[in-house]
There are 2 protein chains.
Amino acid sequence: MMIRYPNGQAYVQTTTKLSQKTINPNYSNRGMTLEEDINESNLYYLTNGIAVIHKKPTPVQIVSVDYPKRSAAVIKEAYFKQQSTTDYNGVYRGKYIDFEAKETKNKTSFPLQNFHEHQIEHMKAVVKQGGICFVLLRFTNSDEVFLLEAKHLFPYWDESIKGGRKSIPKKIIETIGYHVPIHLHPRIDYLKVIDHLYFNQ
Amino acid sequence: MMIRYPNGQAYVQTTTKLSQKTINPNYSNRGMTLEEDINESNLYYLTNGIAVIHKKPTPVQIVSVDYPKRSAAVIKEAYFKQQSTTDYNGVYRGKYIDFEAKETKNKTSFPLQNFHEHQIEHMKAVVKQGGICFVLLRFTNSDEVFLLEAKHLFPYWDESIKGGRKSIPKKIIETIGYHVPIHLHPRIDYLKVIDHLYFNQ
């Protein structure tokens, strides 16, 4: 069953769908969601002592809870809330890492409506504090992932708020963003780009 | 209604109880939970451009969701999960900040059962990555809050796992920890201790 947020966005469970892996062993396009791929990458980084980066839990507004005797509390009524920050953060080489990941079926541009105001505000605050902040953008059709530094996203967002263009052309992303290498493990090796950008490697 | 985790620990809502504030205007002991005080402090840091530090949402395992027409999705069955990390993290002066906050009614020692294995493992991984990692410990009776660096917590935890003492004596915490200043705003000014420890201020 597909679970959806109030805004219609799909809620993706973090459980890896093993069946899909078996069906399509080609790791460049395995039918995995972007979230699954990133979680796998973060687990790889964690277990190999490379970085400690986690996805934050989905925020939920709890309204009613049952306390059956001798068993776990059951939440009987709750609602999805919008995350007030980005979804992923953690530490890499002492530096604070913070990012959001989005995907689109569009072929020629990335729609900015994938982001919301709170996330952009949060990213601006993080950049001011000297944190490493970026977005991972996947074009599902070509199965390409780009890392775009938050500072390059802001002008496009601000412009779109003022009634300007509501998306970033893919050609621009190819210029100001970085192609993220796709491997078997880690699937989305975004820290390679961070090494290049912040550690001269 | 008091909401509880499966392990019996109270689930504390982040809503500030205004009525309690009114009843007891003495800000050194206002009946606020530690979580409420820390959230207020983090909001103070955020709105004043000092730091970007958030509490992670309570993790919930969602089992069943209803999709009524024309209204928000309703979670009908879900369970509390244990956080696999600490509750708080963020960025301060470019540095990664990560901590857990606990309180006790004990007067002479802090019970280690307040922590769980996953949290300690997470803190050890963060320290290895060069993150700033600590715990905030409140003795509710005396309303004192101490900042104890994670590296000082680990030996006591490891000892307790091996069958040793299950708590840290308050006298020890007073020696190896730091008294956190309590103000009206921010209530628990833990970054003052971080300034002293990491930025020579």
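Residues numbered from 1 in each chain as written. Chains lettered and ligands numbered in written order. Predicted model: local features only at pLDDT ≥ 70, side-chain atom pairs only at ≥ 80, totals over all residues. Heavy atoms only, no water.

Under an unreviewed UniProt entry, the name given to chain A is Holliday junction resolvase RecU, and the organism recorded is Calidifontibacillus erzurumensis. Under the Subcellular location (unreviewed entry) heading, UniProt states for chain A: "Cytoplasm". Its UniProt record gives chain A the following Sequence similarities (unreviewed entry) comment, quoted word for word: "Belongs to the RecU family." (UniProt positions renumbered as here; feature names shortened; annotations may be inferred.)

Novice: Just checking my understanding: could you explain the interface of chain B and chain A for this structure?
Specialist: In many reports, interface size means the accessible area that the parts give up when they come together. Taken together, the contact pairs 47 residues of chain B with 47 residues of chain A. Remark: the boundary between chain B and chain A carries 0 salt bridges. At the boundary of chain B with chain A, the tally comes to 11 residue pairs in polar contact (both at pLDDT 80 or more). Going through the elements one at a time, β1 (3-4), β3 (52-55), β4 (60-66), β5 (74-80), β6 (88-92), β7 (95-104) and α3 (117-128) of chain B are the ones with two or more residues in the side of chain B that touches chain A. Tallying contributions element by element places β5(B) first for the side of chain B that touches chain A, with 7 residues. Direction of pairing for strand β5 (residues 74-80) of chain A relative to β5(B): antiparallel, over a ladder of 2 bridges. Its bridge partner being in β5(B), A:I75 is matched across the sheet by B:A78. (Contact = heavy atoms within 4.5 Å. Salt bridge = Lys/Arg side-chain N within 4 Å of Asp/Glu carboxyl O. Polar contact = N/O pair within 3.5 Å; in protein donor to acceptor, adjacent residues only side chain to side chain. Helix = DSSP H or I, 4+ residues; strand = E, 2+ residues; numbered from the N terminus. Pairing = 2+ DSSP bridges.)

Novice: Could you clarify how one ought to interpret the nonpolar core in this entry?
Specialist: What tends to happen in soluble globular proteins is that the nonpolar side chains get buried as a cluster. Counting 42 residues, the largest nonpolar core has A:F115, A:M123, A:L153, B:F115, B:M123 and B:L153 as the members making the most contacts within it. Listing elements by their share of this core, those giving two or more residues are α3 (117-128), β9 (132-139), β10 (144-149) and α4 (150-161) of chain A together with α3, β9 (132-139), β10 (144-149) and α4 (150-161) of chain B. Filtering out sequence-adjacent residues up to four positions away, B:M123 remains in contact with B:T86, B:F115, B:C133, B:F134, B:V135, B:A150, B:L153 and B:F154. (Core = buried A, V, L, I, M, F, W, Y, C linked by side-chain atoms within 4.5 Å. Buried < 20%, exposed > 50% of the residue type's maximum accessible area, 1.4 Å probe, protein only.)

Novice: Mind showing me how you'd approach the sheet that holds strand β4 (residues 60-66) of chain A here?
Specialist: Read across the open sheet, the 4 strands follow the order β4(A)-β5(A)-β5(B)-β4(B); overall the sheet is antiparallel. Every other strand in the sheet has two partners, leaving β4 of chain A together with β4 of chain B as the edge strands with one partner each. Pairwise comparison of adjacent strand axes, ignoring direction, gives a mean angle of 35 degrees for this sheet. (Axes fitted to C-alpha atoms, helices over the stretch in contact; angles between N-to-C directions.)

Novice: Please clarify how the pattern of salt bridges should be interpreted in this entry.
Specialist: A side chain of one charge can pair with a side chain of the opposite charge when the charged atoms of the two come close. Inspection of the entire model under this criterion finds 22 salt bridges over all chains. A salt bridge links A:D158 to A:K124, with the nearest nitrogen and oxygen atoms 2.9 Å apart. Of this pair, A:D158 sits in helix α4 while A:K124 sits in helix α3, and the two are 34 residues apart along the sequence. Owing to a relative accessible area of 27%, A:D158 belongs among the partly exposed residues under this scheme. In this structure A:K124 comes out as partly exposed when scored by relative accessible area, which is 31%. Across the salt bridge formed by B:R187 and B:D37, the nearest N and O atoms sit 2.8 Å from each other. Of this pair, B:R187 sits in the loop between β12 (178-179) and α6 (190-198) while B:D37 sits in helix α2 (residues 34-47), placing them 150 residues apart in sequence. When its relative accessible area of 7% is taken as the criterion, B:R187 is described as buried. Residue classification places B:D37 among the buried positions, given a relative accessible area of 1%. Taken together, the salt bridges that share partners define one network made up of A:D37, A:E40, A:E103, A:R138, A:D143 and A:R187.

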